[in-house]
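# Reading the structure
What follows is the residue order along each chain.
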Amino acid sequence: MARKLKTYQTSLGFFDLAIAAPSMKAALEAWGADSNLFHQGAAKESDDPDVIAATMAKPGVVLRRPVGTNRPFSEHAELPTDLGGGGPKKAARKSKSLKPKKPPSRPVDKAAERKAALAYEREQRRRELERAKEEAAKQKERERRQQAVDKVQAVLDKAEQEHGKRAAAIQAEMEALKKRSQTEQPRWDKEKERLEAALRRARG
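My aim in this report is to walk through the structure given alongside it, one point at a time. (Residues numbered from 1 in each chain as written. Predicted model: local features only at pLDDT ≥ 70, side-chain atom pairs only at ≥ 80, totals over all residues. Heavy atoms only, no water.)

## Points about the pattern of salt bridges
Going through the model one piece at a time under the given rule, you end up with 11 salt bridges. Glu123 is paired through a salt bridge with Arg127; the nearest N and O atoms lie 3.4 Å apart. On the criterion of helical spacing, the pair formed by Glu123 and Arg127 is a turn pair, its members being four residues apart in helix H4 (residues 110-203). A salt bridge links Glu141 to Arg145; the shortest N-O distance between them is 3.2 Å. Here Arg145 and Glu141 lie together in helix H4, a separation of four residues that amounts to about one turn. Judged by relative accessible area, Glu141 falls into the partly exposed class, the value being 31%. (Salt bridge = Lys/Arg side-chain N within 4 Å of Asp/Glu carboxyl O. Helix = DSSP H or I, 4+ residues; strand = E, 2+ residues; numbered from the N terminus. Buried < 20%, exposed > 50% of the residue type's maximum accessible area, 1.4 Å probe, protein only.)

Below you can see the structure in the form of structure tokens.
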């Protein structure tokens with residue numbers, strides 16, 4: 001069964017944010033908040049009928065408006081034009097004045113609530129599918145990179161093996177030459193001695 005949605009509101013950076021979600025936790029996740037803004041007093045359940053209507057029309061979607069303004073919430077809001085000292089103070093006074101107010105009584109439209117809750121679930125499924133697609137694409141890219149790394153590593157390993165074989169062959173040749181050099185000197189000494197004796201005999 002679809003969970004009943006509530007409208008939550010906060011201010012982050014240059015924007016006021018609002019969303020229709022089943023819980024504060026779901027709202028924080030959608031906002032990408034890394035701390036509990038509700039416990040810090042930086043977020044609240046909205047009682048503004050216009051804000052509630054806007055979020056219920058697009059449940060699960062984070063809506064924005066320039067911070068400190070009364071403009072309608074939308075998916076794509078422009079940056080605030082007045083970033084002077086007066087704007088934030090007014091916004092702070094306004095948020096404080098809204099806190100003690102009780103939510104205005106409005107007729108409960110059960111069918112609209114169910115429709116918004118179902119739309120929220122559809123939006124959540126859409127986001128999950130998008131995340132799954134993104135993760136699949138990232139995994140595919142990681143596998144492609146790993147295949148490329150493995151291919152280059154295989155070429156490097158083969159080249160190292162070939163180098164090892166050549167170095168071993170050169171070392172064997174060097175050792176054979178050294179051995180031949182070591183046996184050549186005694187052979188030459190004997191041959192030289194024999195030839196010098198023959199020369200002496202020839203001279204008489």
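After that view, the rundown keeps rolling.
## What to know about the nonpolar core
Leu5, Tyr8, Ile19, Ala21, Ala27, Trp31 and Phe38 are the most contacted members of the largest nonpolar core, which has 18 residues in total. Elements with a minimum of two residues in this core: strand S2 (15-21), helix H1 (24-31) and H4. When residues in this core are grouped by element, the largest group, five residues, is from S2. If near-sequence neighbours (up to four positions away) are discounted, Ile19 is found in contact with Lys6, Thr7, Tyr8, Ala27, Ala30, Trp31, Thr55, Gly60, Val61 and Val62. Judged by nonpolar contacts, the second largest core, of five residues, contains Ala18, Val51, Leu63 and Phe73. (Core = buried A, V, L, I, M, F, W, Y, C linked by side-chain atoms within 4.5 Å. Contact = heavy atoms within 4.5 Å.)

## Focus: the packing of aromatic side chains
For the structure shown, the criterion picks out two aromatic pairs. Judged by centre distance (5.4 Å) and plane angle (80°), the rings of Tyr8 and Phe38 are edge-to-face. Taken as a pair, Tyr8 in strand S1 (residues 6-12) and Phe38 in the loop between H1 and strand S3 (43-45) lie far apart in primary sequence, 30 residues in all. Owing to a relative accessible area of 3%, Tyr8 belongs among the buried residues under this scheme. An angle of 25° between the planes, with centres 6.0 Å apart, marks the rings of Trp31 and Phe38 as stacked. The residues Trp31 and Phe38 share a single accessibility class, namely buried. An aromatic cluster is present here, built from Tyr8, Trp31 and Phe38 joined pairwise through their rings. (Phe/Tyr/Trp six-rings, centres within 6.5 Å; stacked < 30°, edge-to-face > 60°.)

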